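Structure assessment
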Amino acid sequence: MGIKSVKVFAPAKINLHLEVLGLRCDGFHELAMVMQSINLFDQIEIIAQDKGVLSLSSSEAGLSCGEENLIIKAAKLLRQLVGLDDLGAEIKLIKNIPIGAGLAGGSTDAAATLVGLNSAWDLGLSKSQLIALGAQLGSDVPFCFDGGTQLTFGRGESLEPLRSMVNTMAILLVKDPLVSVSTPWAYSLSKKVNGSRYLKEESEYELRRAQLRKASWLNPLTSSNPPPLINDLQKVVAPVTPAVLNALDFLASLPGAISFAMSGSGPSCFALYPDLPSANSALKSNSERIKAAGLNAWCCEFVDKGAHFQNSENNSF
Ligand code: C5P
């Protein structure tokens, strides 16, 4: 095998909708979400090696590059599947997506690693094989392959693409850099607070899925009077997480935003704007307040792709 190197972009996602329907037999929650990729990217460079060594380095000093990193887990899982122990790789991560933020940063890195290694190691696995592997690594990983705008059910692995929302709006995303939220903690809190009200039967889940497939809020949220965004985890995480309350208070005070919510299990929160110039202008005119509130901020657009090679057709980044 010749030495091969690839560079893969791994976009973050936000949740335009997150509903916790119930508790599954496997202990995970049954979810109904609308996930949306945004143009905030990690970059993963992979140089294939043939000595069986997997190494990871990261631009983010606080991130562990050991066995527990999803990138290493993904590489090992892939190598195990194909049974070729001498496959190795030097992997370099440029981390732009904040960690523990509810933006699927770890999941998108895992998806990008599988896509990148499949090519760098010339394995020829199909996308559905990679998605199935990704599902073993985390509930959000399957979405991160195709990304874009998707309704997701089950643990998050059951994917139903929606009409692209690219160019329909942009976001102002904020996060307290000192705070991260543990996803298992957020779900266990949901179970504690709302468990007695969860739906119980598959037929009830299916009814709700059918409603959501037809829901009018799936139309671009550009109307002058959009329904509020729903995030069931926000309802339980925000009251006990000052960093989320602070971010939501700040976003609520912004004029011109269409709507706002927490993403995933938090703590990052976003406000929707009709377009990038209006999001940029909100960022610019509130930069002092953002600083005073101790928040980091980004303006992002929606993108209609998940993990993708640097040289793929969309060259807007
Ligand atoms: O799948 P992932 O590793 O991202 O999940 C992290 C944790 O979040 C799980 O161990 C579980 O506690 C919780 N979770 C859940 N239901 C889901 C997804 C995640 O309860 N659908």
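In every chain, residue numbers begin from 1 and rise along the written sequence. Predicted model: local features are reported for residues with pLDDT of at least 70 only, side-chain atom pairs are reported and counted for 80 or more only, and whole-chain, interface and lining totals are derived from all residues. Hydrogens and waters are ignored; side-chain quantities use all the structure's heavy atoms.

1. Topic: the site of the ligand
Selection rule: One heavy atom suffices: a residue is near a molecule or strand as soon as one of its heavy atoms comes within 4 Å of it. Whenever two N or O atoms come within 3.5 Å, that pair is a polar contact, provided that in protein one can donate a hydrogen and the other can accept it, and provided that, for residues adjacent in sequence, both atoms are side-chain atoms. Methods summary: accessible areas were calculated by the Shrake-Rupley approach with a probe of 1.4 Å, and residue burial reflects only the protein chains presented. Numbering goes from the N terminus for both helices and strands, where a helix is a DSSP run of H or I of at least four residues and a strand is a run of E of at least two. Following the grouping adopted for this structure description, the nonpolar residues are Ala, Val, Leu, Ile, Met, Phe, Trp, Tyr, Cys and Pro, the charged ones are Asp, Glu, Lys and Arg, and the polar ones are all others, Gly among them.
Taken together, Phe28, His29, Leu31, Gly138, Ser139, Arg155, Thr183, Pro184 and Tyr187 form the complete shell of residues around the ligand. Contact between the ligand and His29: a nitrogen atom at 2.7 Å from a main-chain N or O atom of the residue. Contacts to the ligand include Ser139, whose side-chain N or O atom sits 2.6 Å from an oxygen atom. Calculation on the ligand without its partners gives an accessible area of 450 Å², and the protein chains cover 73% of this total. Among the elements of the structure, β2 (29-49) and α5 (183-194) are those that each provide at least two residues to the shell around the ligand. Partitioned by chemical class, the residues of the shell around the ligand number four nonpolar, four polar and one charged.

2. Side note on the pairing of strand β6 (residues 158-161)
Counted only if it meets this: Strands qualify as paired when DSSP identifies two bridges or more between them.
Where strand β5 (residues 149-154) meets β6, four bridges bridge the pair, whose relative direction is antiparallel. Residue Thr152 lies in a different strand from β6, and its bridge partner there is Leu159. Linking β5 to β6, which pair antiparallel, is a turn of three residues; within it Gly156 sits at a positive phi near 130°.

3. Details of the sheet that holds strand β7 (residues 170-175)
The condition that has to hold: Angles here are taken between N-to-C directions and fall from 0 to 180 degrees, while the axes themselves are lines fitted to C-alpha atoms, restricted in helices to the stretch in contact. The contact criterion used is simple: two residues touch if any of their non-hydrogen atoms lie within 4.5 Å.
Strand order in the open sheet made by the four strands is β9-β10-β7-β11, with antiparallel pairing throughout. Either end of the sheet is taken by a strand with one partner, and the two such strands are β9 (259-262) and β11 (296-301). Across the sheet, the mean angle from the axis of one strand to that of its neighbour is 20°, orientation sign disregarded. Examined bridge by bridge, β7 and strand β10 (residues 269-273) share five bridges and lie antiparallel to one another. Bridge pairing in β10 links Val174 to Cys269. Across the sheet, helix α9 (residues 276-285) lies against β7, β10 and β11, angled at about 170° from β11, the strand it touches most.

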